[in-house]
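Structural overview for review
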Amino acid sequence: MLIVTIFVIANSYAKYIAEASGTTERQAGAWVIKVNDTDISSSSSETEFKIDKLTYKKNDYVEEGKIAPSSVGYFDVTIDPSGTSTAVRFDVTIDTTELGISDAINFTDAKLVVDGVESDKTLTRTAEKTYSGIISLDDVQKGVLTTARFYIKWNDEETTLGDKSDSQIGSTKDVSLGLPIVVVVSQYLGETLEEYK
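The paragraphs below set out a description of the structure included in this document.

About the criteria used
Residues numbered from 1 in each chain as written. Predicted model: local features only at pLDDT ≥ 70, side-chain atom pairs only at ≥ 80, totals over all residues. Heavy atoms only, no water. Helix = DSSP H or I, 4+ residues; strand = E, 2+ residues; numbered from the N terminus. Buried < 20%, exposed > 50% of the residue type's maximum accessible area, 1.4 Å probe, protein only. Contact = heavy atoms within 4.5 Å. Areas by Shrake-Rupley, 256 points an atom, 1.4 Å probe, with all protein chains shown as cover. Core = buried A, V, L, I, M, F, W, Y, C linked by side-chain atoms within 4.5 Å. Pairing = 2+ DSSP bridges.

Some words on the overall build of the chain
Each helix and strand counted, the chain has three helices and 12 strands in total. The burial tally for the chain puts 32% of its 197 residues in the buried class. For the chain, contacts bridging at least 24 residues in sequence account for 78% of all contacts bridging at least 6. By element, 49% of the accessible surface of the chain is carried by carbon and sulfur atoms, the whole surface being about 13,300 Å².

This is the structure we're talking about:
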């Protein structure tokens, strides 16, 4: 009787246990990123660009399109995440020492330009020469273009050494800008952008 009871209980219990196996398909999120109209999706996470042209702010004392002491110029790094389905983090590393023409010419500021309008928001300086920003998932879904705008200024140093350096640069023909920048674009996972000290 005991054996029959155990068999009936085991058989009853077995009716409530079932195993199923199968495969599920989940579509991976899209990752198509363009930086300055160049698709970098299939490249490594680091992409180097050469900045060879600045846009100069109007200055009453310097001819348009030229740079001289007191001039301010900028270049843009535009990130188009419209083919992406995640929030995006971007890090731009810029080293003005590569200009190699004067200590008086240096980087001054980094601003965000959203859909063509410069905002009050600045990028977060996360390393000595690196500035970082985040493009929210909402902005990605709306197809918002985000631009990091970097300002460079030729400081007017009122010293004999400064004037001599400025004159030397001014007397050199065809000084050109060839500033390498490195752009790293990655999925934003909620990490805090820590300010560099």
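Comments concerning the nonpolar core
Counting 26 residues, the largest nonpolar core has Val 35, Phe 75, Val 77, Phe 90, Phe 150 and Ile 181 as the members making the most contacts within it. Of all the elements in the fold, those that place two or more residues in this core are β3 (46–51), β5 (72–80), β6 (88–94), β7 (105–114), β10 (130–135), β11 (146–154) and β12 (179–187). Ignoring any residue separated from it by four or fewer positions in sequence, one finds Ile 181 in contact with Thr 47, Glu 48, Phe 49, Ile 51, Phe 75, Val 77, Val 92, Thr 93 and Ile 94.

As for the pairing of β6
For β6, the buried fraction is high: six of the seven residues fall into the buried class. Looking at chain direction, β6 and β12 are connected through seven bridges and run antiparallel. Each bridged residue has a counterpart across the sheet, and for Ile 94 the counterpart in β12 is Ile 181.

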